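As a plain string of letters, each chain reads:
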Amino acid sequence: MTNIEQQILELRERLNHYNYHYYVLSQPLISDFEFDKLLAELQQLENENPQYFDPNSPTQRVGSDINQNFTQVKHEYPMLSLGNTYNEGEVADFYNRVAKALNTPFEIVCELKYDGTSISLIYEKGELVRAVTRGDGEKGDDVTGNVRTIRTIPLTLNKSTRQRTDEYEVRIIADSPNHQGIEIPDKFEIRGEILMPWKVFEDLNKEREAQEEPLFANPRNAASGTLKLQNASEVAKRKLDAYLYYMLGENLPADTHSGCLQAASAYGFKISDAVKVCKTLPEVMDYIKYWDKERKNLPVATDGIVLKVNSLTQQKNLGYTAKSPRWAIAYKFQAERALTTLQSVSYQVGRTGAITPVANLDPVQLSGTVVKRASLHNADIIEGLDLHIGDKVYVEKGGEIIPKITGVESSVRDLFAEKVQFITHCPECGTPLVRDEGEAAHYCPNEAHCPPQIKGKMVHFVSRKAMNIDGLGEETIDLLYRNGLARNIADLYRLKLLDLALLERMGEKSGRRILKSLEASKQVPFARVLFALGIRYVGETVAKRLSSKLKSMQALMSASVEELMSIDEIGESIAQSLVAYFAQDENKQLIADLQDIGLQMAIDEQTQPVGSDVLKGKTIVISGTFVQHSRDELKNLIEQHGGKNTGSISKNTSFILAGDNMGPAKLEKATQLGVPLLSEQEFLALIEQNHG
Ligand code: IVH
């Protein structure tokens, strides 16, 4: 071994050790500054000596920002689910069933049921080799690149369990009922739950709100969404955590589940402190009672308790049903709910005219906050609950941000209580509401004159992803509207400095900033202008597609429903919504005004991609699904750059443009024939270099 290699290996081991103490044990050994210094030192050595690259090096925790595709992998042991119980009686039934089947003394390990997304990790020779999502239980997505960024998941296991003598590790070894068992098996699988801590979840949603991105409903969705991000460096920023709870393999370190967890803890995995070995049913019940309350103080979400027979031999004897083990069961916590009174229902009008009913409640305490309002979603939900004013209703949070009404105590309903009738007219402008067939929501069709729709459209128009106009927040727009200074989006461009400067809480300086930003927005590309108009169903992606296909507002305005539907990914609702929008005189006038003002009403041909012959003579197969372009667009790009697109793989195929979920048959054929795969990103980079 060279001196340099030795140095690199030592640095890696030291950094792994510090990382373990910091993240898994929450007992930092050195300052962040010292850690960063050592990491930078390692990074430099690795950069200078790329032959010693290791995907499990601590430098790799930051994740690559090259888009990855997830391939599907079959689980060696299928990932089963657990039977559920909901009360103490059902838990006792499970206990007695096990007792009867085993007919010998047994122990039950109680654990928390972490509410995240499950993961299977494979380790070989002490190194993480693969991380796979649950998928359908038989096969899942290989998300190793993303999982490497989770700091509580060890990339290299603690060799120190044998060599080093840190106080903590000595204690674990000494505590272990099976000293020899500490040897790390050559190959094993360990399963656990990837979680987004509450705090990280809340911060992430705050950030998404500010960026006008859709919010995650709960930390579980946020964790699984994050794990599927294509860009590992984005995953690294999301600060996921993980608890491991189940070890599988041929040569496990112990013959009990608790022994395996203890060994896993010594290897460097994060194992919950809440694991408890119980010898009797009352002990199990105490555990449940204790954690039902105490879980509210945990930094991560839990939704129940898992009970497992401790002895692995007894587990084997009990076996499995088709869906789940007979040796384990979940007890699900009751979602926290509160009983309160429905005072009234109010109706909000969104920017597209969609009406959202909201329940106004007598204030009530629920999971640490006071709840006064709950979402009712739409008329069907109200009908389903058979809601009456004055009803005693149950509100639940269930991990969602906005509480919802889950039931009505109709036994205590007042005889003369008034049934909640969904409104027939817009509460803001009085226009009769419409409800399209098959749609859950009611709409106010008075797009051009209904105040919240006009204001909502303006707010959308100026937002960051649309025209990105600084200084015009919701409040300012409200003021402008109420003072008659802006009645539609074109009016925004007619504002004078004096108009703005005289508004409440506004001065000349802010006024100038707004005007400057409005002026700059005249350069915003056509696709974003189209998105900014706020036409129903025309989101960012649809706007981009329309702009690249039709190229101008004029072409878009004269397109029929059929023509629009012939465009890839444009369906009937979108097409009809566009045609209806452009049929209205007010909208035609608005577009004419915006054109006069100088907004971009066509794509700038200058920035359009030009052809090249970089793919000349190449035969390319497209397979899978893609992020940035549709298949048709990719076909066009291949042709524009001189290549040929074909359907099936042969020895003449130059490469496969491979997206997500490429079929396994194609993958196998490609491997057999040695045909290389290019990701969408790599393909784009290839043609990008050769633009005119
Ligand atoms: S053991 C065969 N232990 O709950 C037993 N699962 O419905 C495998 N979960 O998919 C699971 N905390 O995602 C086990 N302490 C825990 C758990 C746990 C959460 C999840 C896991 C699994 C689901 C079972």
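Look up a bit, the structure's there.
Now for a look at the structure at hand.

Calculation rules
Residues numbered from 1 in each chain as written. Predicted model: local features only at pLDDT ≥ 70, side-chain atom pairs only at ≥ 80, totals over all residues. Heavy atoms only, no water. Near = heavy atom within 4 Å. Areas by Shrake-Rupley, 256 points an atom, 1.4 Å probe, with all protein chains shown as cover. Helix = DSSP H or I, 4+ residues; strand = E, 2+ residues; numbered from the N terminus. Nonpolar A, V, L, I, M, F, W, Y, C, P; charged D, E, K, R; others polar. Buried < 20%, exposed > 50% of the residue type's maximum accessible area, 1.4 Å probe, protein only. Phe/Tyr/Trp six-rings, centres within 6.5 Å; stacked < 30°, edge-to-face > 60°. Pairing = 2+ DSSP bridges. Contact = heavy atoms within 4.5 Å. Axes fitted to C-alpha atoms, helices over the stretch in contact; angles between N-to-C directions.

1. With respect to the site of the ligand
Then, number 1: Among the 13 residues in the neighbourhood of the ligand, the closest are listed as E111, Y114, E193, Y245 and K308.
Then, number 2: Surface burial for the ligand is 91%, taken as the share of its 530 Å² of free accessible area covered by protein chains.
Then, number 3: Secondary structure elements with two or more residues in the shell around the ligand: β3 (108-114), β8 (241-248) and β10 (302-309).
Then, number 4: With 4 residues, β3 is the largest single contributor of residues to the shell around the ligand.
Then, number 5: Class assignment for the residues of the shell around the ligand results in 7 nonpolar, 2 polar and 4 charged.

2. Comments concerning the environment of G674
Then, number 1: Positionally, G674 belongs in the loop between α25 (664-673) and β20 (677-678).
Then, number 2: According to the relative accessible area criterion, G674 is exposed, its value standing at 57%.
Then, number 3: Sequence separation of G674 and F53 is 621 residues, and the distance between their C-alpha atoms is 25 Å.

3. What about the packing of aromatic side chains?
Then, number 1: Under the definition given, this model contains 17 aromatic pairs.
Then, number 2: Taking the centre distance of 6.2 Å and the plane angle of 80 degrees together, the rings of F188 and F269 count as edge-to-face. Residue F188 is found in strand β7 (residues 187-195), and its partner F269 is found in the loop between α9 (257-267) and β9 (276-278); the two are separated by 81 residues along the sequence. There is no split in this pair, since F188 and F269 are both buried.
Then, number 3: Pairwise contacts between aromatic rings join Y123, F188, Y267 and F269 into one cluster.

4. Some thoughts on the sheet that holds β20
Then, number 1: Reading across the sheet, the 4 strands line up as β18-β17-β19-β20 and stay open at both edges, with parallel pairing between neighbours. Of all the strands in the sheet, the pair left with one neighbour each is β18 (644-646) and β20.
Then, number 2: In this structure, strand β17 (residues 619-623) lies alongside strand β19 (residues 655-658), joined through 4 bridges in parallel fashion. Residue V621 lies in a different strand from β19, and its bridge partner there is I656.
Then, number 3: Those strands touched by helix α24 (residues 631-640) are β17, β18 and β19, and its axis lies near 170 degrees from that of β17.

5. Digging into the sheet that holds strand β4 (residues 117-124)
Then, number 1: The 4 strands are arranged β5-β4-β7-β8 in an open sheet whose pairing can be described as antiparallel. At either margin of the open sheet sits one strand with a lone partner, and together these are β5 (127-133) and β8. Looking at each pair of strands side by side, their axes are set apart by 30 degrees on average, direction ignored.
Then, number 2: Pairing of β7 with β8, which is carried by 7 bridges, proceeds in the antiparallel orientation. Counted as the bridge partner of R191 is Y246 from β8.
Then, number 3: Each of β4, β5 and β7 is contacted by helix α7 (residues 219-227), which is oriented at about 45 degrees to β4, the strand it contacts most.
Then, number 4: α9 rests against β7 and β8 of the sheet, and its axis sits at about 130 degrees to β8.

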